[in-house]
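Listed below, chain by chain, are the residues.
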Amino acid sequence: MAGHELPEPADRKQVADPLVDRDLRPAEDKRPSCDPAFRHGVVVGFDGSTSSERALAYAIGMARRSGSGLIIVHVANRLPTTVWAGCEPPVFVDVPDHRTEVLGLELACADYLAEVPWILVERGGDICHELEEVGHEYSADAIVVGSTHGIVGRIFGSVAGRLARRARRPVVVIP
């Protein structure tokens, strides 16, 4: 009927789609799509440090033996804005981190990575949370991390220790 619309009654409530308005979609729909070739792969945290290089070497061997892909994760720094501006309450800000690009170039030139298919994933936030999220997204068989040595790990707790306590998949900690 062109040009003629029936008005909505004033007492009629608009019924909203609960899946759209409340974001109650199943968890499968919320996850970003990932490359299916890396499903059930091995996730490894990598930041270029000596301990993360050892973890990467172990993860390469794990992936090669299981015939799966390697998901290398670099988590960029996030700092509270209170550090920058002295404001309350603390809000986290992503600090520009070009290390991922540098690490990606180094990894692309590495001969030892030619043995397995791999991808580099950049995330920002808490390292433990992001490694577990990537592991969940890719349905990873394991997460491999290097151990933290030093005073920072003793004061704040190491990433490996926190991840081992909260992860829902096996965590391999390389000394």
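Residues numbered from 1 in each chain as written. Predicted model: local features only at pLDDT ≥ 70, side-chain atom pairs only at ≥ 80, totals over all residues. Heavy atoms only, no water.

Novice: Please explain the nonpolar core as it appears in this structure.
Specialist: Within the largest apolar cluster, 19 residues are counted, with the highest numbers of intra-cluster contacts made by Val42, Val44, Leu56, Leu70, Ile72, Leu113 and Val144. Those elements that provide at least two residues to this core are strand 1 (42-45), helix 3 (50-66), strand 2 (70-76), helix 5 (99-109) and strand 6 (142-146). The leading source of residues in this core is helix 3, at six residues. Excluding residues that lie within four positions of it along the chain, Leu56 makes contacts with Val44, Phe46, Leu70, Ile72, Leu107 and Tyr112. Ranked by size, the runner-up nonpolar core spans 18 residues in total, among them Val73, Val121, Cys128 and Ala140. (Core = buried A, V, L, I, M, F, W, Y, C linked by side-chain atoms within 4.5 Å. Buried < 20%, exposed > 50% of the residue type's maximum accessible area, 1.4 Å probe, protein only. Helix = DSSP H or I, 4+ residues; strand = E, 2+ residues; numbered from the N terminus. Contact = heavy atoms within 4.5 Å.)

Novice: Just checking my understanding: could you explain the pairing of strand 6 for this structure?
Specialist: A regular strand places its side chains on the two faces of the sheet in alternate fashion. For strand 6, a buried count of five out of five residues is recorded, marking the element as mostly surrounded by other parts of the structure. The alternating pattern of strand 6 places Ala142, Val144 and Gly146 and Ile143 and Val145 on opposite faces, both of which are buried. Strand direction decides the pairing type here: strand 1 and strand 6, joined by three bridges, are parallel. Bridge pairing in strand 6 links Val44 to Val144. (Pairing = 2+ DSSP bridges.)

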